[in-house]
Amino acid sequence: HSGVISADGSLYTFGKDALPAMAAGRLGHHGYQSPAAVRDDRMPPTRMTALASTHVVCVSCGADHTAALCTRRCSVSGEEESQVFVWGALMEAGEGGFSKYTRPAEIQLDPEAKARQLAAG
């Protein structure tokens, strides 16, 4: 699978989402599903509507999961905030366990952290 960021900061994901079966969800177009859930075999680039309120600046596609670094303006301070979202199968969700998310889940960073790059392996 692959991801492309458009000039306006929208993320499009595409590719094969069904093999292996546990990787279903790495494109990020559905809600949380069990490993036996129906898989999504999207081939054409499809906009990630779940990240529509953010500006995607970096995407990384791992074997069974995807990660995106996004920015948005804080409504209180007006400062730019960084957010990290992850989705897919058998990924470490930052909480000490493995999960399966077929929609982006935000990873809570230290409030002082200003992420600028990410990688998925």
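Further up the page is the structure itself.
Please read all numbers here as calculations on a predicted model, not as lab measurements. (Residues numbered from 1 in each chain as written. Predicted model: local features only at pLDDT ≥ 70, side-chain atom pairs only at ≥ 80, totals over all residues. Heavy atoms only, no water.)

**Description of the side chain of serine 82**
Position of serine 82 relative to the elements: it lies in strand S6 (residues 80-92). There is a polar contact of 3.1 Å between the side chain of serine 82 and the backbone nitrogen of alanine 115. What serine 82 contacts, discounting residues up to four positions off in sequence, is Leu69, Cys70, Leu109, Ala113, Lys114 and Ala115. (Helix = DSSP H or I, 4+ residues; strand = E, 2+ residues; numbered from the N terminus. Polar contact = N/O pair within 3.5 Å; in protein donor to acceptor, adjacent residues only side chain to side chain. Contact = heavy atoms within 4.5 Å.)

**With respect to the environment of glutamine 117**
Tracing the sequence through the fold places glutamine 117 in the segment after strand S7 (98-107). Given a relative accessible area of 60%, glutamine 117 falls into the exposed group. As for glutamine 117 and cysteine 58, which are separated by 59 residues in sequence, their C-alpha atoms are 6.8 Å apart. Once you skip the residues sitting within four places of it in the chain, glutamine 117 turns out to touch Cys58 and Leu69. (Buried < 20%, exposed > 50% of the residue type's maximum accessible area, 1.4 Å probe, protein only.)

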